[in-house]
Amino acid sequence: MSEDATVLHASPPPMNRMVIAVLAMIGLFVALYLMAHNMGLTGPIVCGVGDCGTVQSSVYAKVGPIPVSAIGVAGYLILLYLAYLGVQPIQRESPLIGAFLFGGSLGGVTFSAYLTYLEAFVIEAWCQYCVISAVVMLLIFLASLPEVPRFIRRAS
Amino acid sequence: MSRGEKKRGSRGKGGSDMTKFGVILGVVALIGAGWLFWSVRGSVLGTPATGPLLELDLNDAEVYQELAQGITSGDPTGTIGIIEFGDYQCPGCGGFALAVKPQIDLALVQTGRAYFQFFDFPLTNMHPHAFLAARAARCAGDQDLYWEYHQELFRNQSSWSGRQSAVGAFLGYAQGLGLDQDTFEGCVKSDKYADVVTANMSLGQEAGVSGTPTIFIMVKGQGLRPVMRNDFQSIEAAIESALEDLETAGN
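Residues numbered from 1 in each chain as written. Chains lettered and ligands numbered in written order. Predicted model: local features only at pLDDT ≥ 70, side-chain atom pairs only at ≥ 80, totals over all residues. Heavy atoms only, no water.

K.L.:
Which residues make up the overall build of chain A, and what values go with them?
P.N.:
The secondary structure content of chain A amounts to seven helices and two strands. Reading chain A from its N end, one meets helices and strands in the order α-α-α-β-β-α-α-α-α. Expressed as a percentage of its 156 residues, the buried residues of chain A come to 46%. Sequence-distant contacts in chain A: of pairs separated by 6 or more residues, those separated by 24 or more amount to 77%. Summed over all atoms, the accessible surface of chain A reaches about 7500 Å², with 72% contributed by carbon and sulfur. (Helix = DSSP H or I, 4+ residues; strand = E, 2+ residues; numbered from the N terminus. Buried < 20%, exposed > 50% of the residue type's maximum accessible area, 1.4 Å probe, protein only. Contact = heavy atoms within 4.5 Å. Areas by Shrake-Rupley, 256 points an atom, 1.4 Å probe, with all protein chains shown as cover.)

K.L.:
Describe the overall build of chain B, with residues and values.
P.N.:
Assigned secondary structure in chain B consists of ten helices and five strands. Every one of the 251 residues in chain B was classed for burial, and the buried ones make up 47%. Excluding contacts between residues fewer than 6 apart, the proportion of contacts in chain B whose partners are at least 24 apart in sequence is 76%. In the structure as shown, chain B presents an accessible area of about 12200 Å², 54% of it carried by carbon and sulfur atoms.

K.L.:
Quick rundown of helix H8 (residues 181-188) of chain B? Include the residues and the values.
P.N.:
Because each turn of an α-helix spans 3.6 residues, side chains separated by three or four positions end up pointing in the same direction. Taken together, the buried positions of H8(B) are B:Phe184, B:Glu185, B:Cys187 and B:Val188. With its buried residues spanning 160° around the axis, H8(B) presents them on a single face. (Arc of directions from axis to C-beta.)

K.L.:
Which residues make up the packing of aromatic side chains, and what values go with them?
P.N.:
Enumeration over the complete set of coordinates arrives at 16 aromatic pairs over all chains. Where A:Phe102 meets A:Phe151, the ring centres are 6.2 Å apart and the plane angle is 50°; that geometry is what we call tilted. Linking A:Phe102 in helix H5 (residues 95-123) with A:Phe151 in helix H7 (residues 147-155), this pair joins segments that are 49 residues apart in sequence. When the centroid spacing of 5.4 Å and the interplanar angle of 50° are considered together, the rings of B:Tyr149 and B:Phe184 count as tilted. One end of the pair, B:Tyr149, is in helix H5 (residues 146-155); the other, B:Phe184, is in helix H8, with 35 residues separating them in the sequence. No difference in accessibility class separates B:Tyr149 from B:Phe184, as the two residues are buried. Through pairs of rings, three or more aromatic residues link up here, namely B:Phe85, B:Phe119, B:Phe121 and B:Phe216. Cation over ring: B:Lys101 sits above B:Trp147, and NZ or CZ is 4.3 Å from the ring centre. (Phe/Tyr/Trp six-rings, centres within 6.5 Å; stacked < 30°, edge-to-face > 60°. Lys NZ or Arg CZ within 6 Å of the ring centre and 35° of its normal.)

K.L.:
So, the packing of helix H4 (residues 68-86) of chain A against H5(A): which residues are in play, and what are the values?
P.N.:
All names here are of chain A. At a closest axis distance of 10 Å, the pairing of H4 and H5 adopts a crossing angle of 155°. As judged from the angle between their axes, H4 and H5 are roughly antiparallel. For H4 against H5, the interelement crossing comes out left-handed. Note on element contacts: H5 touches H4 through Ile97, Phe100, Leu101, Gly104, Ser105, Phe111 and Leu115, opposite Val68, Ile71, Leu79, Leu82, Ala83, Leu85 and Gly86. (Axes fitted to C-alpha atoms, helices over the stretch in contact; angles between N-to-C directions. Parallel < 35°, antiparallel > 145°, perpendicular 65-115°, else oblique. Left-handed = near helix turned anticlockwise from the far one by under 90°.)

K.L.:
Tell me what's going on with the pattern of salt bridges, and back it up with residues and numbers.
P.N.:
Applying the stated criterion across every chain yields a total of eleven salt bridges over all chains. In this structure, the salt-bridge partner of B:Lys192 is B:Asp142, at a minimum N-O distance of 2.8 Å. Placement of B:Lys192 in the loop between H8 and helix H9 (194-206) and of B:Asp142 in the loop between helix H4 (130-141) and H5 is noted, with a sequence separation of 50 residues between them. On the accessibility criterion, B:Lys192 (37% relative accessible area) is partly exposed. Three or more residues are tied together by salt bridges with common partners; here these are A:Arg17, A:Glu147 and A:Arg150. (Salt bridge = Lys/Arg side-chain N within 4 Å of Asp/Glu carboxyl O.)

K.L.:
Quick rundown of the environment of B:Phe216? Include the residues and the values.
P.N.:
All names here are of chain B. Positionally, Phe216 belongs in strand S4 (residues 214-219). C-alpha of Phe216 to C-alpha of Gly81: the two residues are 135 residues apart in sequence and 8.1 Å apart in space. When near neighbours in sequence (up to four residues on either side) are disregarded, Phe216 contacts Gly81, Ile82, Ile83, Phe85, Ala207, Val209, Leu224, Arg225, Pro226 and Val227.

K.L.:
I'd like a description of unusual backbone geometry, backed by residues and values.
P.N.:
All names here are of chain B. The amide bond that connects Thr212 to the next residue, Pro213, takes the cis arrangement and shows omega of -5°. Inspection of the secondary structure assignment puts Pro213 in the loop between H9 and S4. At Asp144, a residue that is not glycine, the phi angle is positive and equals roughly 65°. Position of Asp144 among the secondary structure elements: in the loop between H4 and H5. You will see that Tyr193, though not glycine, has its phi angle at about 70°, which is positive. Note that Tyr193 resides in the loop between H8 and H9.

Listed below in structure tokens is the structure:
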């Protein structure tokens, strides 16, 4: 094994990617729960606060034929996969994974912000699971920010 | 510290971090999976009866008349009864239950002027959850909360009506009303009351019910009189008319 490869393997796993993986796992289950609700597999969403029934039965709960929760499941799965891959020894320095993580979480947080806007001003009802998902996505986005200087540095 | 020791130290720390990371990720996955399974368990376990019992001879009047039974509020031995044939998944029945029935309860049932009786008439060809809803309400009736559950189903109709499966929602409403969960779940996930609901459907067909809600006035000794409109004023007017006829017949 070359000296460079040894150094590469020895670098510790990036903390932000580990955080993203854990957050994406949490977000994945929240989105899966909302998807199960859409499929009629759960009882009424038990809300301490808010009105999930109104939000989930609104026209905005779907994008065409696809439930928003299914989009969430797909998004969190992709982020989880990327983050998990990104902490493996051979990928720890990968700027490409960093770029995908940043880009994906930027898309996710933008979509979440739009959904939160709909809840606040159009549907005028709150679903706390959607809010949890939005907060998780925001945290993922914040955790992805350290990737920016990495892939900019590599690109230049 | 030599360069080699530094590398080993770094590798050791990296390995330790990866172990912690794996444990945390695993714990989150386990908790999430457990929570998800607990949430959907109501829908993935059990096989509730969701349609009429085919083995029941719907053409044999003796069979279904013996089985059919409405749920009554008020004194069923009274002179005047208001009979509804209804479907829990029908929006018109929802409107009737939420807007008209409270007026009937207040002005007619609680004053002793009439009793109210509900017969299930699930339109199973267009409302896939209506039969199960009728059974679920009767399961709630086993714990003396039939009418509370009846209203709860209509109040939340838009929430459960469009789902692929409504079992989870029905269990949730029972929980909200404080019903014993195991007893209720056992009842819903069986075929209990499937015969009664099927018989009620046949009785409705015999009475000429073709849509829901269909309201009749039952006059003691004189049978059923259809009410053309389902608003409170029409029902009250039909009762007045029936009482006048009774008085005239008595004279």
